[in-house]
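Structural characterization, general
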Amino acid sequence: MNIKDTLKKILKKIKLGVPKRVLFFLAAAVWGFASSRILKIGVSDIISNTSSYWINLSIGIFGCYFFFKYVFYKMYKKHTKRIVNLEIERPCIFSFFDLKGFGIMAFMITGGITLRRSHIIPSLYMGTFYITLGLSLLLAAVSFLYAGARYKLIESKYLEECKLDITQE
């Protein structure tokens, strides 16, 4: 047995495999954590910059609907379909996103920190955007939480949807 085979055996033994349902709870936790951090910054920015913060808060809430509908709901559906249709019954604990999803998350974090530290955009407007983004992330977290809580229903929906896609081709 060579080193490569030995290493594969070791990695297979320590693989942190979890049921697919758990992946939805992990995704919810990640997005929920990100949401709380972003909302904290956003609310702090608008409250410290204006006495009529409710206007910016309202804009953030209004914008959240569109940001969630056109960005994060599509992402939720894509990852839900992918998780449900994974061939492995106990995928790796980090399989709640694909490689592209982790790349997008890293880009968003890096971009947000860079933009914030550069002071190109006034903090009042960044705060308004952060509220929009934070609430959208919160809705994505709730969506993943729902998918985990109602896993059998979600599984049957997305397995059937996948079968319909195959038969239509």
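This text goes with the structure placed above it.
Cut-offs used in this document
Residues numbered from 1 in each chain as written. Predicted model: local features only at pLDDT ≥ 70, side-chain atom pairs only at ≥ 80, totals over all residues. Heavy atoms only, no water. Helix = DSSP H or I, 4+ residues; strand = E, 2+ residues; numbered from the N terminus. Contact = heavy atoms within 4.5 Å. Phe/Tyr/Trp six-rings, centres within 6.5 Å; stacked < 30°, edge-to-face > 60°. Buried < 20%, exposed > 50% of the residue type's maximum accessible area, 1.4 Å probe, protein only. Axes fitted to C-alpha atoms, helices over the stretch in contact; angles between N-to-C directions. Parallel < 35°, antiparallel > 145°, perpendicular 65-115°, else oblique. Left-handed = near helix turned anticlockwise from the far one by under 90°. Nonpolar A, V, L, I, M, F, W, Y, C, P; charged D, E, K, R; others polar.

**Examining the side chain of Ser-95**
One can find Ser-95 in the loop between α3 (53-84) and α4 (99-118). Those residues in contact with Ser-95, other than ones at most four positions away along the chain, are Leu-23, Arg-82 and Ile-83.

**Here's the deal with the packing of aromatic side chains**
Per the counting criterion, the structure on display carries 16 aromatic pairs. Geometrically, the ring pair formed by Phe-96 and Phe-97 is edge-to-face, given 4.7 Å between the ring centres and 65 degrees between the ring planes. Of the two residues, Phe-96 and Phe-97, neither departs from the other in class, the shared state being buried.

**Focus: the packing of α4 against helix α5 (residues 123-149)**
At their nearest, the axes of α4 and α5 sit 12 Å apart, and the two run at 160 degrees to each other. Classified by the angle their axes make, α4 and α5 are roughly antiparallel. Along this stretch, α4 crosses α5, giving a crossing that reads as left-handed. On the side of α4, the interface is formed by Met-108, Gly-112, Leu-115 and Arg-116, while α5 contributes Met-126, Tyr-130 and Leu-133. Here the residues of the contact of α4 with α5 sort into 5 nonpolar, 1 polar and 1 charged.

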